[in-house]
Amino acid sequence: MPGKNVQTGAGESALERAQRILKYVEQMIETVGEHPECELKREWRRDTHYHRAEFIKDVQSFVNSDIPEDKEKYLVVGADEDTKEITGCDHKHFDDADVRQVFEAHLDPVP
């Protein structure tokens, strides 16, 4: 969707927003791949100190990027940046409360 601002806002339900984002991200992966607004990760392990630190650094750098705050940023887990293939992931590994605990333990303020 080159040149088109995909953010809508008012009147958009959570389901409509999720569907819009899914379509946008799938198109982004297929046509552009990784770029400053869309970080692709085949997997995101947090089972060791090293992998947890990498996870935190990736998110922190993404949050601190030069992309304006009113613009959406996408961190896609389950997509290969080299092949642009959507590989999928297990959503239970990305429970908001679990991810937030990792951030709260290591970052202040929490993104």
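Scroll up to find the structure.
Reference entry: report on the structure contained in this document. The structure presented is a predicted model; accordingly, all values stated were derived computationally and were not measured.

Some words on the pattern of salt bridges
Using the criterion set out here, one finds 11 salt bridges in the structure. Lys92 serves as the salt-bridge partner of Asp90, at 3.9 Å between the closest nitrogen and oxygen. A relative accessible area of 35% places Asp90 in the partly exposed class. Linked by salt bridges that have partners in common, Glu12, Arg17, Arg20 and Glu72 make up one network.

Side note on helix α1 (residues 14-31)
End to end, α1 covers 26 Å across 18 residues, agreeing with the expected 26 Å (1.5 Å per residue, within 8%). Taken as a whole, α1 has its buried residues at Arg20, Ile21, Tyr24, Val25, Met28 and Ile29. One side of α1 holds all its buried residues, which, seen down the axis, span an arc of 160°. Residues of α1 that are exposed and angled more than 90 degrees away from the buried face: Leu15, Lys23, Glu30 and Thr31.

Describing unusual backbone geometry
The omega angle of the peptide bond from Asp108 to Pro109 is 5°, so this bond is cis rather than trans. Along the chain, Pro109 turns up in the segment after α3 (96-106). One non-glycine residue, Lys84, lies in the positive phi region at around 60°. Mapped onto the elements of the fold, Lys84 is located in the loop between β2 (74-77) and α3. Note on Lys84: relative accessible area 33%, which makes it partly exposed.

Thoughts on the nonpolar core
Here is a general trend for soluble globular proteins: nonpolar side chains tend to be buried in one another's company. One finds Ile21, Tyr24, Val25, Met28, Ile29, Cys38, Leu40, Tyr74, Val76 and Ala79 forming the largest nonpolar core, which totals 10 residues. Mapped by element, the contributors of at least two residues to this core are α1, β1 (38-41) and β2. At five residues, α1 tops the list of elements feeding residues into this core. Excluding its chain neighbours within four sequence positions, the residues that come into contact with Leu40 are Ile29, Gly33, Glu34, Val76, Ala79, Asp80 and Glu81. In terms of nonpolar packing, the next biggest core, distinct from the first, is built from nine residues, Ile56, Val59, Val77 and Phe103 among them.

Let's talk about the pairing of β2
When β1 meets β2, the two strands line up parallel, connected through four bridges. By the bridge assignment, Cys38 is partnered in β2 with Tyr74. For the crossover from β1 across helix α2 (residues 49-63) to β2, the handedness is right-handed.

Observations regarding the packing of α2 against α3
For the pair α2 and α3, the least separation of the axes is 11 Å and the interaxial angle reads 85°. On the basis of their axis angle, the class for α2 and α3 is roughly perpendicular. Contact residues: α2 offers Arg52, Phe55, Ile56 and Val59, while α3 offers Val99, Val102, Phe103 and His106. A class-by-class count of the residues in the contact of α2 with α3 yields six nonpolar, one polar and one charged.

The rules behind each value
- All chains use their own residue numbering, which begins from 1 and follows the written sequence.
- Given that the model is predicted, a residue must reach a pLDDT of at least 70 before its local features are reported, and side-chain atom pairs must reach 80 or more before they are shown or counted; all residues, however, enter totals for whole chains, interfaces and linings.
- With hydrogens and water excluded, all non-hydrogen atoms of the structure serve as input to the side-chain values.
- Between Lys or Arg on one side and Asp or Glu on the other, a salt bridge is scored when a side-chain nitrogen of the former is within 4 Å of a carboxyl oxygen of the latter.
- The rule is simple: take the accessible area with a 1.4 Å probe, protein chains only, and divide by the maximum for that residue type; under 20% is buried, over 50% is exposed, in between is partly exposed.
- Runs of E in the DSSP output that reach at least two residues are strands. Runs of H or I that reach at least four are helices, and both are numbered from the N terminus.
- By definition here, a helix of n residues has an expected span of 1.5 Å times n minus one.
- Here the arc refers to the set of directions running from the helix axis out to each C-beta atom.
- Definition used in this section: a nonpolar core is a set of buried Ala, Val, Leu, Ile, Met, Phe, Trp, Tyr and Cys residues joined via side-chain atoms within 4.5 Å.
- For this analysis, residues touch if any pair of their heavy atoms sits within 4.5 Å.
- For two strands to count as paired, DSSP must find a minimum of two bridges between them.
- Handedness is read with the strands pointing away from the viewer; a crossover is right-handed when the path from the first strand over the helix to the second is clockwise.
- Axes here mean lines fitted to C-alpha atoms, for a helix over just the part in contact, with angles spanning 0 to 180 degrees between N-to-C directions.
- Here is the rule for angles: anything less than 35 degrees is roughly parallel, anything more than 145 is roughly antiparallel, 65 through 115 is roughly perpendicular, and the remaining ranges are oblique.
- Any residue outside Ala, Val, Leu, Ile, Met, Phe, Trp, Tyr, Cys, Pro, Asp, Glu, Lys and Arg is labelled polar, Gly included; the first ten of those are nonpolar and the last four are charged.

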